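Coordinates in review
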Amino acid sequence: MGFEDLGAGVARVWGLPESLQRCMRKPMGAPPMRSAEQGVERLRWVAMAANEVASTRLHSGDAQTEDRLQQTAARYARTLALSPEAIAEATLRARHKLVSLAQALDLQVAPGSAAARLLTLPTSQADAAVPQDALALLELRAAEPQPLPAVLESQAAGTVSVAQVNEVLAAGIQDITNAMVENFQLNDVLRMILETMFRALGFRRMVFCLREARTDLLTGRFGLGEDSESAVRAMKVPLKTPGDLFAAVCVRGADTLINDATQARMQARLPQWYVQGINAPAFLLLPLQIKGQPFALIYADQSAPGGIVVDDKVLGLLRTLRNQAVMAFRQAG
């Protein structure tokens, strides 16, 4: 007796609903060329497709994996009444969510293992061919662990350890992950993300910016910290303006730290709208993209040059928080 027959037999003896008993059995044969009936029958084929995608990811580690996933999407498209592109997009969202969850839980898997294949994301063409330019020198990379700014304003006289900052970030990531399991308000999740960063790294202020479709501007929507209201009003990133440092960072999708904006060469690169409206001595930019297109920006700054210090672990946690914001928009949409 197989597990399927055993489970179905137990369900029958327990008197579970007939619909649930039917869902415990895999549909037989090839996916039908017509849309499955709504309800139990559709659910069985959705589960079948999802299991096939997971098996492909789990057991395939070669260059043909992405092609096999596309073939699976095409095979189930008519059955699920979805386009192959929609199935592929849903698969990619699920993969990003799994990777973010693994990072949030700090799960470590052996390189080359089946689990590692599940946590591997496809390399987009946009990421594969990024030209070298002056922004590359500013892009956030691994650094030696150093003392970080105080967690709270009341601790401004001292510093805290990297471990303490990691703990605050990791706890915030877990809280946000839990919040996104159930129905959630997008604004609440975004505020949780900013508050986690704000508390952990002791920024002077933070601003969340969102793209306006009509004007093609990233504009400030809400903020935290000292004089954040004026910073929200000042943040207007023109994505189509050549030579704008902020626009270049957002279009490229490069997490960028300007740790001393008072230097003459950096002042020359800062756009006038920023110099006149904010002009912080040190600032951090975490751009958000969907399908390679910028749609939002997380901005944070400090009141002194060199006031923002991140190591490799902190950088990874910040990127997880940024990815959670992207996931929140995907799920809310």
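The notes below deal with the structure included here.

The rules behind each value
- Each chain carries its own residue numbering, running from 1 in the direction its sequence is written.
- Predicted model: local features are reported for residues with pLDDT of at least 70 only, side-chain atom pairs are reported and counted for 80 or more only, and whole-chain, interface and lining totals are derived from all residues.
- Side-chain figures throughout are based on the complete set of non-hydrogen atoms in the structure, without hydrogens or water.
- Between any two strands, at least two bridges found by DSSP are needed for them to pair.
- Numbered from the N terminus, helices here are DSSP runs of H or I no shorter than four residues, and strands are runs of E no shorter than two.
- Fitted lines through C-alpha atoms give the axes, limited to the stretch in contact for helices. The angle between two N-to-C directions lies from 0 to 180 degrees.
- Here a salt bridge means any side-chain nitrogen of Lys or Arg lying within 4 Å of a carboxyl oxygen belonging to Asp or Glu.
- Each residue is assigned to one of three classes by its accessible area relative to the maximum for its type, calculated with a 1.4 Å probe on protein chains only: buried under 20%, partly exposed between the two thresholds, exposed over 50%.
- Stacked, tilted and edge-to-face are the three classes assigned to paired rings of Phe, Tyr and Trp, where Trp is represented by its six-membered ring and a pair needs centres within 6.5 Å; plane angles under 30 degrees give stacked, over 60 edge-to-face, the rest tilted.
- Geometrically, a lysine NZ or arginine CZ counts as sitting over a ring once it is within 6 Å of the ring centre and also within 35 degrees of the ring normal.

Structural notes on the sheet that holds strand β2 (residues 217-225)
- With antiparallel pairing, the six strands of this open sheet are ordered in space as β3-β2-β1-β6-β5-β4. The outermost strands of the open sheet, each flanked by one partner alone, are β3 (236-238) and β4 (256-258). Adjacent strand axes in the sheet meet at a mean angle of 20 degrees, parallel and antiparallel pairs treated alike.
- Of the strand pairs in this sheet, strand β5 (residues 282-290) and strand β6 (residues 293-302) are connected by nine bridges, and their pairing is antiparallel. Within β6, the position partnered with I290 by the bridge is Q293.

A few points about the pattern of salt bridges
- In this structure the tally under the stated criterion is 14 salt bridges.
- Between R204 and D301 there is a salt bridge, and its shortest N-O distance comes to 3.3 Å. One end of the pair, R204, is in the loop between α9 (186-201) and β1 (205-212); the other, D301, is in strand β6, with 97 residues separating them in the sequence. There is no split in this pair, since R204 and D301 are both buried.
- Residue R211 is joined to D216 by a salt bridge in which the shortest nitrogen-to-oxygen separation is 2.4 Å.
- By relative accessible area, R211 is classed as partly exposed at 26%.
- By sharing partners, the salt bridges in this structure join R204, R205, D227 and D301 into a single network.

Focus: the packing of aromatic side chains
- According to the stated counting rule, one finds eleven aromatic pairs in the structure shown.
- Taken together, the aromatic side chains of F246, W273, Y274, F283 and Y299 make up a single cluster linked through ring pairs.
- The ring of F222 has R191 lying over it, and the distance from NZ or CZ to the ring centre is 4.3 Å.

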